[in-house]
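# Notes for the structure review
What follows is each chain in one-letter form.
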Amino acid sequence: MSAPITKPESSRRQFFNGTVRGAFLFLLGAATTLLFRRSQPKRTVWQIDPYKCICCTRCATECVMHPSAVKCVQVYPMCGYCKLCTGYFEPEPISLDTGAENQLCPTGAIKRRALEDPYYEYTIDEPLCIGCAKCVKGCVLFGNGSFFLQVRHDRCVNCDECAIAIACPPQAFQRVPADKPYLMKDREHQA
Ligand code: SF4
Ligand code: SF4
Ligand code: SF4
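A short tour of the structure in this document, coming up. (Residues numbered from 1 in each chain as written. Chains lettered and ligands numbered in written order. Predicted model: local features only at pLDDT ≥ 70, side-chain atom pairs only at ≥ 80, totals over all residues.)

### Thoughts on the overall build of the protein
Rules: Helix numbering and strand numbering both begin at the N terminus, where a helix is a DSSP run of H or I of at least 4 residues and a strand a DSSP run of E of at least 2. Three classes are used. A residue is buried when 20 or more other C-beta atoms lie within 10 Å of its own, exposed when 12 or fewer do, and partly exposed in between, with C-beta atoms placed from the backbone. Whether two residues are in contact is decided by their C-beta atoms, placed from the backbone, lying within 7 Å.
When helices and strands are counted, the protein shows 4 helices and 6 strands. Here the protein holds 191 residues, and 26% of them are scored as buried. In the protein, 74% of the contacts between residues at least 6 apart in sequence involve partners at least 24 apart.

Following this line, the structure appears as structure tokens:
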């Protein structure tokens, strides 16, 4: 009867050393990757502080994109759903209907929909919006300020120096972390 085959002591030691070396290299690689990631500056993008914007209209004309990468957004929890929306209608509309002559928006980008009387919903058709801020100004003057401008990152090319930021009188543009790219309005900040 032949003796059982056992691994020689030297090959067991070689196997053990190889395993330890492998684990060590793996941990070293993971630590290096972590350190590398931590040392990288966080990517940032341009955004508008809605509480600084004075609706000067330059967002529509200064952007390198045509139409502008800046769009109006609507915060529904802040909106009054007003029948006479001062962001939608001209200051002295002929009538409170959707006739183009009554609308403040030069491109017809705001859609008005009747809800339960006397409430109306206002939504932005973004591809039509040129970022002129006329509706924002109208809403801030007499409404709740639920319309405001934001850089839309599906359109913005994140220029090193944003042409609008350079032209913006109140310096409302700032760089924000790319993983939190919007500066939203909320009721707590309402004047
Ligand atoms: S340039 Fe500045 S102040 Fe003028 S509309 Fe744009 S964000 Fe507002
Ligand atoms: S008024 Fe100007 S900012 Fe407002 S939705 Fe129309 S194009 Fe956009
Ligand atoms: S970074 Fe460039 S593309 Fe984006 S809003 Fe400014 S000018 Fe327009």
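### Quick look at the site of ligand 1
Rule in force here: By convention here, the C-beta atom is placed from the backbone, and a residue is near a molecule or strand when that atom is within 6 Å of it. We call Asp, Glu, Lys and Arg charged. Ala, Val, Leu, Ile, Met, Phe, Trp, Tyr, Cys and Pro are nonpolar, and the rest, Gly among them, are polar.
If you check the shell around ligand 1, you find 15 residues, and the closest are C53, C56, R58, C59 and C168. In the shell around ligand 1, the residues fall into 13 nonpolar, 1 polar and 1 charged.

### Some thoughts on unusual backbone geometry
Cis rather than trans, the peptide bond between H66 and P67 has omega equal to -5 degrees. As for its placement among the helices and strands, P67 is situated in the loop between helix 2 (58-61) and strand 2 (70-74). The residue after D117, namely P118, is reached through a cis peptide bond having omega 10 degrees. Note on placement: P118 falls in the loop between strand 3 (110-114) and strand 4 (120-124).

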